Amino acid sequence: MIIGGLATMPSRRATAPTAIASILPNVDRLYLYLDQWDEVPSFAIHKKIEVIWQPEAPSIGANGKLLGLLESDAADYYLCFDDDLKYPRYFASALLAQLKCFKKPTVIGIHGSRLHRLPKLTSYREDRQVFHCSKANMFPKCLDVVATNGCAFRVRDLSFDVRQWSAINRVDLSMALEAETQGVTPMLACKPSRFVHILAEVQADSIYSALLKNDTEQTNLANQLLRLRRERSSQAMISRT
């Protein structure tokens, strides 16, 4: 089964219906986390949509797009989406066809980054190379961080309880840490330019706008990821000797 995960908030009221309409042909079920909504919006009512609306509970922000993992089976595929992108009808089939080509556990996405191999990053914003979702990519590329605005993985390869994460709205880096811990390789998918259509970007309340103002938390998580990778590499070298 192909499972989708999406989180949306009231300020995305203009783009979320279009994003969701484009997502539904790609999935068998969509877990939709309603963040800070006073009521369930009409666009959330669909036979494929499993609404997660917890108005009395503390918000977990964009992390909520991964709550569907708690209800997924090991044989399922899980795809993450954003509420300000429009996806092609063949989005899932394109990503899953590529995912199945890798023998090792892999998470594959349309956007991501490579961290500069410095002893220690001073800025997550500056010390990385970003591969944007709107740009073409002819060959698969290894990444350090796959963005959750459009990615896919097997549940049997990568599974966790997002409610245990201490960081809110640090979804990409938090999932990168999970992937590294579980031995899952992050990859950039092959895709044409404008594979997805951007409905809006750099909104005032977006995670990226917040990153531009202060990237301290992201930098700490990125350095944690690099330390974990170095430790795993050292352990692998020792085991081979």
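See the structure above.
This report concerns the structure included in the present document. (Residues numbered from 1 in each chain as written. Predicted model: local features only at pLDDT ≥ 70, side-chain atom pairs only at ≥ 80, totals over all residues. Heavy atoms only, no water.)

1. Examining helix α3 (residues 171–181)
In an α-helix, one turn spans 3.6 residues, which is why side chains three or four residues apart end up on the same side. The element α3 is largely enclosed, with a buried count of nine among its 11 residues. Downstream of α3 by one or two residues, Gly183 has phi in the positive range, about 70 degrees. (Buried < 20%, exposed > 50% of the residue type's maximum accessible area, 1.4 Å probe, protein only. Helix = DSSP H or I, 4+ residues; strand = E, 2+ residues; numbered from the N terminus.)

2. Topic: unusual backbone geometry
The phi dihedral of Gln36 falls on the positive side, at around 70 degrees, and the residue is not glycine. Looking at the element boundaries, Gln36 is found in the loop between β2 (29–34) and β3 (49–53). Relative accessible area serves as the criterion here: at 57%, Gln36 is assigned to the exposed category.

3. Let's talk about the side chain of Asp76
Turning to its location among the elements, Asp76 is positioned in the loop between β3 and β4 (77–81). No salt bridge is formed by the buried Asp76; the nearest opposite charge belongs to Arg29, separated by 6.0 Å. For Asp76, the side chain forms a polar contact with the main-chain nitrogen of Asp73, separated by 2.8 Å. Each residue touching Asp76, except ones within four places of it in the same chain, is listed here: Met1, Ile3, Phe153, Arg154 and Val155. (Lys, Arg positive; Asp, Glu negative; His and termini not counted. Salt bridge = Lys/Arg side-chain N within 4 Å of Asp/Glu carboxyl O. Polar contact = N/O pair within 3.5 Å; in protein donor to acceptor, adjacent residues only side chain to side chain. Contact = heavy atoms within 4.5 Å.)

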